[in-house]
Amino acid sequence: MDSTIDLSDASKALDLFNIRYQLIRLEDTITFHLIERAQFPLNATIYKAGGIAIPNSDLSLFDWIMSASERLHALVRRYESPDETPFFPSALEKPILQPLHYPQILHANDVNVNPEIKDSYINHILPTVCAQREERPEQQENYGSAATIDVLVLQSLSRRIHFGKFVAESKFRTETDRFVKLIKAEDRKGIDEAITNMAVEQQVLDRLKLKAATYGTDPSGGSRDVGKIDVDAVVNTYKNYVIPLTKVVEVEYLMQRLKGTEWE
Ligand SMILES: C=C(O[C@@H]1C=C(C(=O)O)C=C[C@H]1O)C(=O)O
């Protein structure tokens, strides 16, 4: 899948301001997908293996539609792009399109926190996003709609969180000696402190609070709020899961950064 970040030019792709701009754009994508998902109840059956009968498969409906989606998108080389990370790597097939030759921007790595993203989404994020004042019984007529939106939410969360690789590479190239020392000492705590920018994190949370409160409302001041979402659910999604997992990606990417280099 052709990427929206310009991966043909390493200096642009690793400019921290360009990367942060991409992260800001993904705030909109993620917030709108969460608003769409919040229309439906949690529908926990979707996430249970065998919860819904699927011919020739014992997967949960969610795993089945997610893996099928990744298999299809792999055919148009979505997962050849360094800013895309699959949830089901074994489901991917050879692209029908000719390979794109991306310049080597990231160092070789196998960082993939999608299992943690999926667990956080199903067990923590969704229950808060779908919660309402009154208990919402499952709606089996919306199983398909909810699962297809889940795919979009998780793909946007995964892309946002794995952008941590580009952030980490950018910071490594800016402060190489500092990070080489920390990586050689296998000092994950020191690396986490070095990549942390609390001011930027607070800006992200403040911006999201405003976006979540605004998106889904009628800007003309009409009486009906269309697709409102609980603001705290969006802000806490970022505070408790998106930002921490992005930093895990940064730290684990950097822990692999010296492999095969003169610093090893
Ligand atoms: C992504 C960055 O690295 C860290 C993670 C952040 C995030 O996930 O929003 C923000 C600031 C940093 O603590 C960055 O520096 O922009």
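No experiment lies behind these values; they were computed from the predicted model shown.

Student: Help me out: how do you make sense of the site of the ligand in this one?
Tutor: Residues in contact with the ligand amount to 15 residues; listed here are only the nearest, Arg20, Arg160, Lys171, Glu201 and Glu250. Interatomic distance of 2.9 Å between a backbone N/O atom of Asn197 and an oxygen atom of the ligand. Contact distances for the ligand include 2.6 Å between an oxygen atom and a side-chain N or O atom of Glu201. Here the ligand, which alone exposes 360 Å², has 99% of that area covered by the protein. Because more than half of its atoms lie within 2 Å of the grid, the ligand is assigned to the second largest pocket. At the level of secondary structure, the elements contributing two or more residues to the shell around the ligand comprise helix 2 (16–37), helix 6 (164–174), helix 9 (198–214) and helix 10 (231–255). Examining the composition of the shell around the ligand, we find that four residues originate from one element, helix 10, more than from any other.

Student: Help me understand the side chain of Thr45 in this model?
Tutor: Structurally, Thr45 can be placed in the loop between helix 2 and helix 3 (61–74). Taking the relative accessible area as the measure of exposure, Thr45 reaches 16% and is therefore buried. A polar contact is formed between the side chain of Thr45 and the side chain of Glu138, at a distance of 2.8 Å.

Student: What exactly am I supposed to notice about the packing of aromatic side chains here?
Tutor: Given two aromatic rings, one states the distance between the centres and the angle between the planes to describe the pair. Taken as a whole and judged by the stated rule, the model has four aromatic pairs. Pairing Tyr47 with Phe62 gives two aromatic rings, centres 6.0 Å apart and planes at 45°, and the pair type is tilted. Remark: Phe62 occurs in helix 3 and Tyr47 occurs in the loop between helix 2 and helix 3; sequence separation between them is 15 residues. Pair check on accessibility: Tyr47 and Phe62 agree, each one buried. Centroid distance Phe163 to Phe166: 5.5 Å. Interplanar angle 55°. Geometry classified as tilted. Phe166 carries the same exposure label as Phe163, and that label is buried.

Cut-offs and rules
- Residues numbered from 1 in each chain as written.
- Predicted model: local features only at pLDDT ≥ 70, side-chain atom pairs only at ≥ 80, totals over all residues.
- Heavy atoms only, no water.
- Near = heavy atom within 4 Å.
- Polar contact = N/O pair within 3.5 Å; in protein donor to acceptor, adjacent residues only side chain to side chain.
- Areas by Shrake-Rupley, 256 points an atom, 1.4 Å probe, with all protein chains shown as cover.
- 1 Å grid on protein atoms, 1.4 Å probe; cavity = no way out; pocket = protein on both sides within 12 Å on 5 of 7 lines; lining within 4 Å.
- Sits in = over half its atoms within 2 Å of the grid points.
- Helix = DSSP H or I, 4+ residues; strand = E, 2+ residues; numbered from the N terminus.
- Buried < 20%, exposed > 50% of the residue type's maximum accessible area, 1.4 Å probe, protein only.
- Phe/Tyr/Trp six-rings, centres within 6.5 Å; stacked < 30°, edge-to-face > 60°.

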